[in-house]
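Structural description and commentary
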Amino acid sequence: INEQLIVQSAEEAKINVNPKQVQAAFDEIKSQNKFDDARLSQELRKQGYTVSGYREDVRRQLLRLTAVNQLVRPRVSVTDEDIRARYDEMNRRSSSVSKVQLQHILLALPERPSEAQLKAAKARATEIVGLANSGTPFAELAKRFSDDAGTKGSGGDLGWIDRGSLATEWEAIVFAMEKGEVRGPVNGPQGLYVFRVADVAKSEAKTFDEVKEQLRGELFRREMDRQTRMWLEELRKKAHLDIKL
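These remarks concern the structure in this document. Sequence positions are assigned chain by chain, starting from 1 and proceeding in written order. Since the coordinates come from a predicted model, pLDDT governs what is reported: local features require at least 70, and pairs of side-chain atoms require 80 or more to be given and counted, while whole-chain, interface and lining totals use all residues. In computing side-chain values, all of the structure's heavy atoms are included and hydrogens and water are not.

Another point: the overall build of the chain. Looking only at helices and strands, the chain features 9 helices and 4 strands. Where helices and strands are cited, they refer to DSSP runs of H or I of at least four residues and of E of at least two residues respectively, numbered from the N terminus. Along the chain, from the amino end to the carboxyl end, the secondary structure elements read α-α-α-α-α-β-α-α-β-α-β-β-α. Summarising its shape, the C-alpha atoms of the chain cover approximately 60 × 50 × 45 Å along the three principal directions. The buried label applies to any residue whose accessible area, calculated with a 1.4 Å probe on protein chains only, is under 20% of its type's maximum; exposed applies above 50%, and partly exposed to all values in between. The buried share of the chain, reckoned over its 245 residues, is 35%. Put simply, 72% of the contacts in the chain that link residues at least 6 apart link residues at least 24 apart. Should any heavy atoms of two residues lie within 4.5 Å, those residues are considered in contact.

Structure below.
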């Protein structure tokens, strides 16, 4: 639904993607995979695609990206005051956490969970946090409760996570946690999560000038994500009103 709403908004705003942009994207895909035209066509057929159909998918993807960039980006503003506030927040302690050793438990939910499903998942997450804080090994809890087949066997271990490599809403939570701390439930794309920081690595805080542009980028991405969600919600409401009329 979001995809279609973005495409419709792009068409209404007369935003276009020209054939040269699509061809450039195609050439990049071939280059990355070291495919010629024949090999690309062969691989696409294996996945049930035609070249023309895949080209149209690429065009629509570029159109969505261009639409978000042109229609949402003007809403985003990051000031030097915002950056300074973020820097001060990061450096309230004498040293800064540069990476964390992270474990997680996923409680999977459908894209649009019912109130009962969400309530049950939140209750289970609260139960897991309580068990962890009472001394039950987190790895044992992950093997018992997690719906992430890729990590439950290893106790929910995600390894060492560098600052800047997580989704911004998760990073704000995880990098504020102390060693051994467990938090949850945390909303995510696949359901609710419970996190445990097994260990932390700290580095001496850099000066404001050294990290200013990095923080600007971080805040920009965070605000871009927020404004995009708000914009999509506006499009959904508008589409709903149009249907009612």
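With that settled, the discussion passes to the packing of helix α1 (residues 2–12) against helix α4 (residues 51–71). At a closest axis distance of 9 Å, the pairing of α1 and α4 adopts a crossing angle of 70 degrees. Here α4 runs roughly perpendicular to α1, going by the angle between their axes. Handedness of the α1/α4 crossing: left-handed. Along its contact with α1, which presents E3, Q4, I6, V7, S9 and A10, the element α4 presents R60, L63, R64, A67, V68 and L71. Throughout this entry, Asp, Glu, Lys and Arg are counted as charged residues, while Ala, Val, Leu, Ile, Met, Phe, Trp, Tyr, Cys and Pro are counted as nonpolar. The remaining residues, Gly among them, count as polar. Residue classes in the contact of α1 with α4 are distributed as 7 nonpolar, 2 polar and 3 charged. Geometry is summarised by axes, namely lines fitted to C-alpha atoms with helices restricted to the contacting stretch, and by angles between N-to-C directions that run from 0 to 180 degrees. Each angle gets one of four labels, with under 35 degrees taken as roughly parallel, over 145 as roughly antiparallel, 65 to 115 as roughly perpendicular, and the rest as oblique. If you view the pair so one helix is near and one far, a crossing is left-handed when the near helix is turned anticlockwise from the far one by less than a right angle, and right-handed when it is turned clockwise.

The next point concerns unusual backbone geometry. A cis amide bond links G184 to the next residue, P185, at an omega of 0 degrees. Structurally, P185 can be placed in strand β3 (residues 182–188). The phi dihedral of K14 is positive, around 60 degrees, even though this residue is not glycine. Its location among the elements puts K14 in the loop between α1 and α2 (19–33).

Now for the pattern of salt bridges. When a carboxyl oxygen of Asp or Glu lies within 4 Å of a side-chain nitrogen of Lys or Arg, that pair is called a salt bridge. For the coordinates displayed, the defined rule picks out 16 salt bridges. A salt bridge links R124 to E127; the shortest N-O distance between them is 3.2 Å. Separated by 3 residues within a single helix, R124 and E127 lie in helix α6 (residues 115–133), roughly one turn from each other. Taking the relative accessible area as the measure of exposure, E127 reaches 36% and is therefore partly exposed.

Pairing of aromatic side chains here covers Phe, Tyr and the six-membered ring of Trp, requires ring centres within 6.5 Å, and sorts the geometry by plane angle: under 30 degrees stacked, over 60 edge-to-face, intermediate tilted. Applying the stated criterion to the full structure yields 6 aromatic pairs. With a centroid separation of 4.8 Å and an interplanar angle of 65 degrees, the aromatic rings of W170 and Y193 are classed as edge-to-face. With W170 in helix α8 (residues 168–174) and Y193 in strand β4 (residues 191–204), the pair connects residues that are 23 residues apart, well separated along the chain. Residue W170 shares its accessibility class with Y193, and that shared class is buried. With centroids separated by 5.2 Å and ring planes inclined at 70 degrees, the aromatic side chains of W170 and F195 adopt a geometry described as edge-to-face.

In this model α6 runs 27 Å from its N-terminal to its C-terminal C-alpha over 19 residues, within 8% of the 27 Å that 1.5 Å per residue would give. All of the buried residues along α6 are A121, A125, I128, V129 and A132. The arc that holds every buried residue of α6, seen down its axis, measures 100 degrees, which confines them to one face. For α6, exposure combined with an orientation more than 90 degrees from the buried face picks out E115, A116, K119 and T126. Directly beyond the C-terminal end of α6, a positive phi value near 115 degrees is found at G135. Helix span is expected to be 1.5 Å times the residue number reduced by one. In this context, the arc is that of the directions from the helix axis out to the C-beta atoms.

In this structure, I6, L63, V68 and W231 are the most contacted members of the largest nonpolar core, which totals 22 residues. Of all the secondary structure elements, the ones that give two or more residues to this core are α1, α2, α3 (37–46), α4 and α9 (208–244). Excluding residues that lie within four positions of it along the chain, W231 makes contacts with I6, S9, V68, L71, V72 and R75. In this description, a nonpolar core means a group of buried Ala, Val, Leu, Ile, Met, Phe, Trp, Tyr and Cys residues linked to one another through side-chain atoms lying within 4.5 Å. Ranked by size, the runner-up nonpolar core spans 15 residues in total, among them F138, F145, L192 and V194.

Don't take any of this as a statement about function, it's just geometry.
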